[in-house]
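The primary structure of each chain is shown beneath.
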Amino acid sequence: MLRIAFLGTELSILDTLRQSRCEVACVYLPPGWPLRMVRHKFSASVHGLWSSKASRHRLKAYRAIDRYARKHGLPRVHSSRVWSRAVRAKLRDKGINLGVVANFDQRLPEALLAIPENGFINLHPSLLPAYRGPNPLEYILLNQEPTSGVTWH
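Residues numbered from 1 in each chain as written. Predicted model: local features only at pLDDT ≥ 70, side-chain atom pairs only at ≥ 80, totals over all residues. Heavy atoms only, no water.

Considering the nonpolar core
Side chains of nonpolar character tend, in soluble globular proteins, to be buried together.
(1) Moving on: F6 and L7 are the most contacted members of the largest nonpolar core, which totals 33 residues.
(2) Moving on: Looking at this core, the elements that each hand over two or more residues are β1 (3-8), α1 (11-19), β2 (23-29), α3 (49-71), α4 (85-93), β4 (98-102) and β5 (120-124).
(3) Moving on: Element by element, the count of residues in this core is highest for β2, at 6 residues.
(4) Moving on: If sequence neighbours within four positions are ignored, L7 has contacts with Y28, V82, V100, V101, A102, F104, L108 and F120. (Core = buried A, V, L, I, M, F, W, Y, C linked by side-chain atoms within 4.5 Å. Buried < 20%, exposed > 50% of the residue type's maximum accessible area, 1.4 Å probe, protein only. Helix = DSSP H or I, 4+ residues; strand = E, 2+ residues; numbered from the N terminus. Contact = heavy atoms within 4.5 Å.)

Focus: the pairing of β5
(1) Moving on: Within β5, 4 of the 5 residues are buried, leaving the element largely enclosed by the surrounding structure.
(2) Moving on: Relative to β5, β4 is paired through 4 bridges, and the arrangement is parallel. The residue of β5 that forms the bridge with G99 is F120.
(3) Moving on: Here β5 runs beside strand β6 (residues 151-152); their pairing, made up of 2 bridges, is antiparallel. Bridge pairing in β6 places H124 opposite T151. (Pairing = 2+ DSSP bridges.)

Considerations on the sheet that holds β6
(1) Moving on: Taken in spatial order, the 6 strands of this open sheet run β3-β2-β1-β4-β5-β6, and their pairing is mixed. In this open sheet, the two edge strands, each paired with only one partner strand, are β3 (76-78) and β6.
(2) Moving on: Across the sheet, α4 lies against β1, β2 and β3, angled at about 155° from β3, the strand it touches most. (Axes fitted to C-alpha atoms, helices over the stretch in contact; angles between N-to-C directions.)

Quick word on the packing of aromatic side chains
(1) Moving on: Under the counting rule described, the total for this entry stands at 1 aromatic pair.
(2) Moving on: Plain terms: the ring middles of Y28 and F104 are 5.6 Å apart, the flat faces sit at 85° to each other, and that makes the pair edge-to-face. Residue Y28 is located in strand β2, and its partner F104 is located in the loop between β4 and α5 (110-113); the two are separated by 76 residues in the primary sequence. An identical accessibility class is assigned to Y28 and F104; each is buried. (Phe/Tyr/Trp six-rings, centres within 6.5 Å; stacked < 30°, edge-to-face > 60°.)

Here we look at the pairing of β1
Strand residues, when the strand is regular, have side chains that alternate between the two faces of the sheet.
(1) Moving on: Counting buried positions along β1 yields 5 of 6 residues, so the element is predominantly enclosed.
(2) Moving on: Across 5 bridges, β1 lies against β2 in parallel orientation. Bridging across to β2, I4 finds its partner in V24.
(3) Moving on: For the handedness criterion, the β-α-β arrangement of β1, α1 and β2 is classed as right-handed. (Right-handed = clockwise from strand over helix to strand, strands pointing away.)

A look at α4
(1) Moving on: Looking only at α4, the buried set comprises V87, R88 and L91. Down the axis of α4, the sector holding all buried residues measures 100°, keeping them to one side. Among the exposed residues of α4, those oriented more than 90 degrees off its buried face are R85, R92 and D93.
(2) Moving on: Close packing links the buried residues of α4 with β1, β2, β3 and α5. (Arc of directions from axis to C-beta.)

Describing the confidence of the model for the protein
(1) Moving on: For the protein, the average pLDDT comes to 82, and 82% of its residues sit at 70 or higher.
(2) Moving on: Contacts for the low-pLDDT stretch residues 33-50, under 50 throughout, to residues beyond four places or in other chains number 21 contacts. (pLDDT = per-residue confidence, 0-100.)

Laid out in structure tokens, this is it:
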């Protein structure tokens, strides 16, 4: 059975994984994420309305992921950055053999990518390489793109 680490804010993907034959061995959440997201909102507000809306969206998304994980008894991993040694140690301890990343706003380091024997799968809500980065949907809408899509890689 696959033991999966979930990193991201896409609740539908987490729900699908939980209901599959896989075991969601952990869900990553930044510690004190409500405070971190509120601070981020204020710092991002200087970059304009879209950044502020994106921050509020992430706050709601992390709340939903946290509630879902608690409700279904999914182990949560807390660390300020996914780059930390603590996160790598926890993933190794849990015997993760696949990572699933969906709408996640941090870059994954090589040391973390090397942990699961089956690697990571990433869902990105744009047709890469266009609109790469952590918040593509807002820019796709802002630029009134006639088409878009999703990239799995």
